[in-house]
Amino acid sequence: MTQACKLAAGNWKMNGLRADMAEARALATALTAPSCGVLLCPPATLVAAMADALSGSAVMVGGQDCHAAASGAHTGDISAQMLADSGASYVILGHSERRADHGESSGDVAAKARAAHAAGLIAIICLGETEAERDAGQTLDVVLRQLAESVPEGATAANTVIAYEPVWAIGTGRTPTLEQISEVHDALRANLPDSAISLLYGGSVKPGNAAEIFAIANVDGALVGGASLKAADFGAIVAALDAA
Ligand code: PEP
């Protein structure tokens, strides 16, 4: 079986002005030939500037969402091709904040992933249960259904990454137990269309818990929100992944 690639991906969400690119530059300067992939996904306004600033470094740049259509009358939206044209190589899709705030269904996410693939972007497709779903014992049913419905035909390790992000762990400082993460990642691996697709864990990953999470079989990296905004914190998470 081909080995999945290790990836540390940072999601800046709706945070970051041009001045904050100093953190991205500091991260790139601090990283000397990491063995894992390193990615920052800033707001769309910073994608082109960050891609220019980090050109030639080990840090790649991605978007946080794209429209399913290639172009057209979609005011305020951004296409996958526009992200690629701005220097992005990845795009996060189906983040729980978009599923909740914008009513995105798994079918919508699959359509966006098709557009991302058509534009040559690697889609990071996010999945995860709510706290109520976990409490009801529905976690595996929920994430496997989201996997089946959000990942389009033609998804391979070359164009797709899956991020397991329990909704209740995002931005809360709470994380599942290592056994709970392991259970979900094992189930996801067994149901991937290509077993070499990288599986990221996301939800309150910090320098202090990264190493134990990366030691779990079938965890190939992390999607990191808050801790990706500071070069020192994200750099420590990248170092933990490199060492895993
Ligand atoms: C996220 O937004 O994808 C995320 C995991 O956030 P945080 O690391 O802040 O929990």
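So, here is what we can say about the structure in this document. Worth saying up front: this structure is predicted, and the values here are computed from it rather than measured.

### So, the site of the ligand
Thought 1: Taken together, 14 residues lie near the ligand, and K13, E165, G171, S204 and G225 sit nearest.
Thought 2: Between the ligand and E165 there is a distance of 2.7 Å, counted from an oxygen atom to a side-chain nitrogen or oxygen.
Thought 3: Note that an oxygen atom of the ligand is positioned 2.9 Å from one of the backbone N or O atoms of G226.
Thought 4: Compared with its free state, where it exposes 290 Å², the ligand has 98% of that area covered by protein.
Thought 5: Residues belonging to the shell around the ligand are distributed by class as follows: 4 nonpolar, 8 polar and 2 charged.

### Structural notes on the pattern of salt bridges
Thought 1: In this structure the tally under the stated criterion is 10 salt bridges.
Thought 2: The partner of E97 in a salt bridge is K13, and the shortest N-O contact between them spans 2.8 Å. In this pair, E97 sits in helix α4 (residues 96-101) while K13 sits in the loop between β1 (7-11) and α1 (21-30), placing the two residues 84 residues apart along the sequence.
Thought 3: Two residues, R114 and E153, come together in a salt bridge whose shortest N-O distance is 2.7 Å. Taken together, the positions of R114 in helix α5 (residues 106-118) and E153 in the loop between α7 (139-150) and β6 (160-164) put the pair 39 residues apart, joining distant regions of the chain.
Thought 4: When salt bridges that share partners are traced, they join D65, R98, E104 and K112 into one network.

So, how was this worked out
- Residues numbered from 1 in each chain as written.
- Predicted model: local features only at pLDDT ≥ 70, side-chain atom pairs only at ≥ 80, totals over all residues.
- Heavy atoms only, no water.
- Near = heavy atom within 4 Å.
- Polar contact = N/O pair within 3.5 Å; in protein donor to acceptor, adjacent residues only side chain to side chain.
- Areas by Shrake-Rupley, 256 points an atom, 1.4 Å probe, with all protein chains shown as cover.
- Nonpolar A, V, L, I, M, F, W, Y, C, P; charged D, E, K, R; others polar.
- Salt bridge = Lys/Arg side-chain N within 4 Å of Asp/Glu carboxyl O.
- Helix = DSSP H or I, 4+ residues; strand = E, 2+ residues; numbered from the N terminus.

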